[in-house]
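# Structural characterization, general
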Amino acid sequence: MSAVEPRSELLRVTDLHAFYGQSHILHGIDLNVGTREVVTLLGRNGSGRSTTLKAILGLVPRRTGSVMVNGRETIGMQSHRITRLGIGYCPEERGIFASLSAEENLTLPPRVGSGGMSLQEIYEMFPNLLERRRSQGTRLSGGEQQMLAMARILRVGARLLLLDEITEGLAPVIVQTLGRVVRGLGERGLTMILIEQNFRFVSQLADRHYLIEHGRIVDMITRDEIGKRTDSLHRFLGV
Amino acid sequence: MIQALSGQLLVGLINGSFYALLSLGLAIIFGLLDVVNFAHGAQYMLGAFVAWMALQYLGINYWWALILAPLAVGALGLGFEWLMLRHLYRLDPLYGLLLTFGVALVLEGSFQNAFGISGNSYPVPGLLQGGTNLGFMYLPRYRVWVVLVSVAVCFANWLMIEKTRLGSYLRAGTENPALLQAFGVNVPLMRGLTYGYGVGLAAFAGVMAAPIYQVTPLMGSSVIMVLFAVVVIGGMGSIAGSIVTGLGLGLIEGLTKFLYAPASDVVVFVVMALVLLLRPAGLFGRQR
């Protein structure tokens, strides 16, 4: 099915349903992600991509099915326990805390694994954040907030990163920086699930792409198949 | 003239100290739990009663009571949060308000039943008896102690919340508890401990109040109404706001007693109405 060499499995999602009150958002998501793999979720707005990440973390009011993280069933766990299995999350709305300074935001998440970056390494990677570290979190520019949201989860030693629209609304030069960061993380051996509108951003970064529609996975494309399927992909994404 | 004014201002400052201590706890609890803790007055009363009973039956003195009563009452608060309150977070905040209001009624009712309505006096500890004559007024030592300790405790809490790592968890949890939990912080445990801490602060104020006011089952219900006015004026959940407003309103009350005594009971609510008209989020509150 794919040219990807077999690797150990880090995440296996089976028949995942998610509900907000009466609304049924995910209708049985099935996906799996191997260690060191970079995978994207592609789909139109409202197709259930963000909800999939939230449901993996237990951030939806109700979810059923199975979410195995590193071989452990997490469907009955509270979200802080799930995260502590080694997950880092960068939410779509960035989630910078207004009442915390930039540095407090940066050091807020507790460590969830070994091998996280030191504060110094992070500041070398994002020099802007060093300059703005005393500023209130929400006084930062959009790009700085996005870097902060990324930097925040690099410190904690997570092995699996869930990144929701990290390039949304950012200037091309910042998107390039983030591209370098994500590539660097891949080289460090991190596993990632990315949600992206910007297909060009991820087409070279990701090993595989899951296509989501109406809360279901409808297709899966490997990096090698992209060339042959560009047209159908564009039709699917409505670009 | 100056004697009457300074006397009333001192009373105002004392009352304000208690308003500040109590509304601080209310603000912390409201911030993280979104619960309007109507039992706060009853928990304050409980602190005073635990101190009084400890002295009466066990011979435990004021200084020990100042440490032990908040711990004991705080532990009760922790248990209450775990057994009952935490099950209501997913519902409308009104349910938490009703539950804590019910608990206040039960506590106050049982204490009235057991100890009667009339007050019990609690002696001023030996070290703090007496006072100084300033010429224009007599300054009782215990009252100075109350003001100093309240201000110190409030300031220490403000520092802890605004400047420490623990405080950054509390601020983040107040803003977005779901995201904080998604980062791996045990928010449910934090809520329980925060509630216990706020309740412990109320009990601490109760012990401090015991030698000044009578220890009575209804001492909390008389203060709780003013307290909510303080929290509304300061801005729901604002820590610095509730401290400053607590002290300020105590002084305004004292000043009103001097200028036109009959208005002193309503002046706080007049201020509240004005603030709500001009700044609905409170003096220090952020618009939600």
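The rules behind these values
- One numbering rule holds for all chains: residues counted from 1, following each sequence as written.
- Labels follow written order: the first chain is A, the first ligand is 1, and so on.
- Predicted model: local features are reported for residues with pLDDT of at least 70 only, side-chain atom pairs are reported and counted for 80 or more only, and whole-chain, interface and lining totals are derived from all residues.
- Computation of side-chain values: all heavy atoms of the structure, hydrogens and water removed.
- By definition, any uninterrupted DSSP run of H or I lasting at least four residues is a helix, any uninterrupted run of E lasting at least two residues is a strand, and each is numbered from the N terminus.
- Every radius of gyration here is taken over C-alpha atoms, with the globule rule written as 2.2 Å times N^0.38, N being the number of residues.
- Think of it in three bands: with a 1.4 Å probe and only protein chains considered, a residue is buried below 20% of the maximum accessible area for its type, exposed above 50%, and partly exposed in between.
- When checking whether two residues touch, look at their non-hydrogen atoms; a contact exists if any pair is within 4.5 Å.
- Each accessible area is a Shrake-Rupley result for a 1.4 Å probe, and residues are judged covered by the shown protein chains and nothing else.
- Positive charges come from Lys and Arg alone, negative charges from Asp and Glu alone, with His and the N- and C-terminal ends not counted.
- Charged groups are reduced to one reference atom each: NZ for lysine, CZ for arginine, CG for aspartic acid, CD for glutamic acid.
- Put simply, buried area is the surface a 1.4 Å probe can reach on two separate parts but cannot reach once they are joined, added for both.
- Any carboxyl oxygen of Asp or Glu that lies within 4 Å of a side-chain nitrogen of Lys or Arg is treated as forming a salt bridge with it.
- Polar contact criterion, stated in full: a pair of N or O atoms within 3.5 Å, where within protein one must be able to donate a hydrogen and the other to accept it, and residues adjacent in sequence count only if both atoms are side-chain atoms.
- What marks off one domain from the next here is an automatic or database domain assignment.
- When residues are sorted by character, Ala, Val, Leu, Ile, Met, Phe, Trp, Tyr, Cys and Pro go into the nonpolar class, Asp, Glu, Lys and Arg into the charged class, and all the rest, Gly among them, into the polar class.
- Only when DSSP finds a minimum of two bridges between them are two strands counted as paired.
- Here a pair means two rings of Phe, Tyr or Trp (six-membered ring of Trp) with centres within 6.5 Å. Their orientation is stacked below 30 degrees between planes, edge-to-face above 60, and tilted elsewhere.

The next subject is the overall build of chain A. From N to C terminus, chain A includes 9 helices and 10 strands. Taken over C-alpha atoms, the radius of gyration comes to 17 Å for chain A, in line with the 18 Å a tight globule of 239 residues would show. Judged by the C-alpha coordinates and their principal axes, chain A covers about 45 × 40 × 35 Å. Residues counted as buried form 55% of the 239 residues belonging to chain A. A fraction of 69% describes how many contacts in chain A between residues 6 or more apart in sequence connect residues 24 or more apart. Accessible area for chain A stands at about 10600 Å²; split by element, carbon and sulfur atoms hold 46% of it. Taking the average location of the 30 positive side-chain charges in chain A and that of its 25 negative ones, the two points are 3 Å from each other.

This next bit is on the interface of chain A and chain B. Between chain A and chain B, the residue contacts involve 22 residues of the former and 20 residues of the latter. Summing the contributions of chain A and of chain B, the shared interface buries around 1800 Å²; its carbon and sulfur component is 58%. Connecting chain A to chain B are 1 salt bridge. Across the pair Glu104(A) and Arg171(B) runs a salt bridge, and its minimum N-O distance is 2.8 Å. Along the contact surface separating chain A from chain B lie 10 residue pairs in polar contact (both at pLDDT 80 or more). A total of 3 residues in the side of chain A that touches chain B trace back to one element, the largest contributor, which is helix α2 (residues 79–83) of chain A.

Let's shift gears to the domain arrangement of chain A. Many authors give the size of an interface as the accessible area that is lost as the parts come together. All names here are of chain A. Under the domain assignment, chain A is made up of domain 1 (1–86 + 159–239) and domain 2 (90–158). One C-alpha centre belongs to domain 1, the other to domain 2, and the line joining them spans 22 Å. Contacts between the two partners involve 22 residues from domain 1, matched on the other side by 20 residues from domain 2. Between domain 1 and domain 2, roughly 1700 Å² of surface is buried when both sides are summed, and carbon and sulfur atoms account for 64% of that area. Broken down residue by residue, the surface that domain 1 buries against domain 2 is led by Arg84, Val181 and Arg188, which jointly contribute 26%. Residues Arg188 and Glu121 are paired through a salt bridge, measuring 3.4 Å at the closest nitrogen-oxygen approach. Joining domain 1 to domain 2, the criterion identifies 5 residue pairs in polar contact (both at pLDDT 80 or more). Elements represented by at least two residues in the side of domain 1 that touches domain 2 include exactly β7 (160–164) and α7 (172–187). It is α7 that contributes the most residues to the side of domain 1 that touches domain 2, 6 residues altogether. For the side of domain 1 that touches domain 2, the per-class residue count stands at 12 nonpolar, 4 polar and 6 charged.

Moving on, we get to the environment of Glu73(A). All names here are of chain A. With respect to the helices and strands, Glu73 occurs in strand β5 (residues 72–73). Sequence separation between Glu73 and Gly113 is 40 residues, and the spatial gap between their C-alpha atoms is 18 Å. For Glu73, the contacting residues outside a window of four places in its chain are Ser66, Val67 and Met68. Only 3.1 Å separates the side chain of Glu73 from the backbone nitrogen of Val67, close enough to count as a polar contact. Only 3.1 Å separates the side chain of Glu73 from the backbone nitrogen of Ile75, close enough to count as a polar contact.

Residues and elements named next belong to chain A. Summarising burial for strand β3 (residues 38–42): 5 of the 5 residues are buried, a large majority. Alternating residues of β3 divide into Val38, Thr40 and Leu42 and Val39 and Leu41, and every residue in both groups is buried. Sheet topology places β3 next to strand β8 (residues 191–195); 4 bridges connect them, and they run parallel. Of the residues in β8, the one forming a bridge with Val39 is Ile193. Bridge count for β3 against strand β9 (residues 208–213) is 4 bridges, and the pairing is parallel. The residue of β9 that forms the bridge with Thr40 is His209.

All names here are of chain B. Enumeration over the complete set of coordinates arrives at 15 aromatic pairs over all chains. Here Tyr62 and Tyr142 contribute two aromatic rings whose centre-to-centre distance is 5.8 Å and whose plane-to-plane angle is 75 degrees, an arrangement assigned as edge-to-face. Here Tyr62, found in helix α3 (residues 62–83), pairs with Tyr142, found in helix α5 (residues 141–163); they are 80 residues apart in sequence, far enough to count as distant. Take Tyr62 and Tyr142: they sit in the same class, and that class is buried. Pairing Phe111 with Phe115 gives two aromatic rings, centres 5.6 Å apart and planes at 25 degrees, and the pair type is stacked. Taken together, the residues Phe111 and Phe115, both in helix α4 (residues 93–115) and 4 residues apart, mark about one turn of the helix. Using a relative accessible area of 24% as the deciding quantity, one classes Phe115 as partly exposed.

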